[in-house]
Every structure is written in C-alpha cells, then in structure tokens.
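Overview (structure and organization)
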Amino acid sequence: AMSERLRRAARREAMGDMAAGLAHNLNNLLAAILPNIELALATTPEDSRPMLEDALQATQSAAELMRQMLSFVRTDSASMPRGPIDLVELVRETMRFCRRTFSSRIAIATHLSEDALRVLGQTSNLQQVLLNLCLNSRDAMADREHPHLSVSLHRAPDRAEAELVVTDNGVGMAPNVARRLG
C-alpha cells in the first residue's frame, strides 16, 4: 500500500515535470510565432487581414493557456501546504479560464454562493479537479448543437460542507463506465 502510493506520487511528479517541459517548449514556439503574425498583420492588405487576425487571436489564446498550464504544473503539490481556500474565488478563476479557452459555442453558467466558502486543501489540486470535470463536460458535448455547461457551488444545507456540482447536456457515460463508478 505504501509502496504503491510512493510509486503513484513519483509517477505524478514525473508527469508534472513532463507537462511543465512541454508547456515551456510550446510557450517558446508561440513566442516566436506571435511577433511574426503581428509583423505580417502590419504589412498585409486589408482584405487578407481577417485570417491573420484569427491566427493572432488563436496564438494569443494558446500563449495564455500555456502560461496558465505552467502555473498549474510549477506548483509542487507535495511541498505545498494545505490551507484555507476560498472555493468561490477558485471556481470563478477556473471558469474564467474555461470561458477563454473553450469554444464560444459552449454556454457556460455559474451559480455561486454569495458568501466565501472556505475549505482546507491545496488550491492547485482543487482547481485541477474542477478543470478536469469541465474538460470532460466539454468533450461530452462535442456533437451537441447547443452545448451548455453549468457549475454551481453552495453551502450544503444543515452541514458544514461545500457542494460543487458540474452539469452539462453532453452524451453522458457509457453504461460500462457508469457501472465502474458505483
């Protein structure tokens, strides 16, 4: 049991290092692409600009995504202390990220508690869980005509717990996957 946990922790650390290296290399490539697109935009006739403007927008979004990915993987979760986290702010920040990076076809709604909801944990771990749920939702809605993602966070009634719910109108889980969850 202990050796298995150590092996999993080492694997997570190696994957984090790999993701950080990948994000760093992609960020360097984007840093070379951005000025070239900006230069091309400055010297291109007006009728050809829309395609370059789209390329510039996509490259800027990719660069922002890489910056955020680097901030996620740079945190060494094993050495990060657990502390009080405001879940409302964490959800707001994560949903801003999703709104910037997901297709604009996806309607994203948030229903958040008016009050701060503090829990003890590691920000990067909780943010990664929420981001993974949202990515799964995004992927499940790929073929939907009007994809809709909703995230709600509130204090559970009569309990000192926070309740986070992520819903979408995607295809759902295959029966064999759903059975493994039970």
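Check the entry above for the structure.
In this report, we go over the structure that sits alongside the text.

Bringing the overall build of the protein chain into the picture now. Across its full length, the protein chain holds five helices and five strands. Principal-axis analysis of the C-alpha atoms gives the protein chain an extent of 65 × 40 × 40 Å. In the protein chain, which comprises 182 residues, the share counted as buried stands at 27%. Look at the contacts in the protein chain between residues 6 or more apart in sequence, and 69% of them connect residues 24 or more apart. With the model as given, the accessible surface of the protein chain reaches about 12300 Å², and the carbon-plus-sulfur share is 55%. Distance between charge centres in the protein chain, computed from 21 positive and 22 negative side chains, equals 8 Å.

Below, the discussion takes up helix α3 (residues 87–101). Spanning 15 residues, α3 covers 21 Å between terminal C-alpha atoms, matching the ideal 21 Å at 1.5 Å per step. Restricting attention to buried positions, one finds in α3 the residues L87, V88, L90, V91, T94, M95, F97 and C98. For α3, the N-terminal capping position is held by D86, with its side-chain oxygen 3.0 Å away from the main-chain nitrogen of V88.

This brings us to the packing of α3 against helix α4 (residues 123–140). Contact geometry of α3 with α4 gives a least axis separation of 10 Å together with a crossing angle of 45°. By the angle between their axes, α3 is oblique relative to α4. Every pair of crossing elements has a handedness; the one defined by α3 and α4 is right-handed. Taking contact as the criterion, the partners of L87, L90, V91, E93, T94, M95, F97 and C98 in α3 are, on α4, T123, L126, Q127, L130, L131 and C134.

Calculation rules
Residues numbered from 1 in each chain as written. Predicted model: local features only at pLDDT ≥ 70, side-chain atom pairs only at ≥ 80, totals over all residues. Heavy atoms only, no water. Helix = DSSP H or I, 4+ residues; strand = E, 2+ residues; numbered from the N terminus. Buried < 20%, exposed > 50% of the residue type's maximum accessible area, 1.4 Å probe, protein only. Contact = heavy atoms within 4.5 Å. Areas by Shrake-Rupley, 256 points an atom, 1.4 Å probe, with all protein chains shown as cover. Lys, Arg positive; Asp, Glu negative; His and termini not counted. Charge placed at Lys NZ, Arg CZ, Asp CG, Glu CD. Expected span 1.5 Å × (residues − 1). Polar contact = N/O pair within 3.5 Å; in protein donor to acceptor, adjacent residues only side chain to side chain. Axes fitted to C-alpha atoms, helices over the stretch in contact; angles between N-to-C directions. Parallel < 35°, antiparallel > 145°, perpendicular 65-115°, else oblique. Left-handed = near helix turned anticlockwise from the far one by under 90°.

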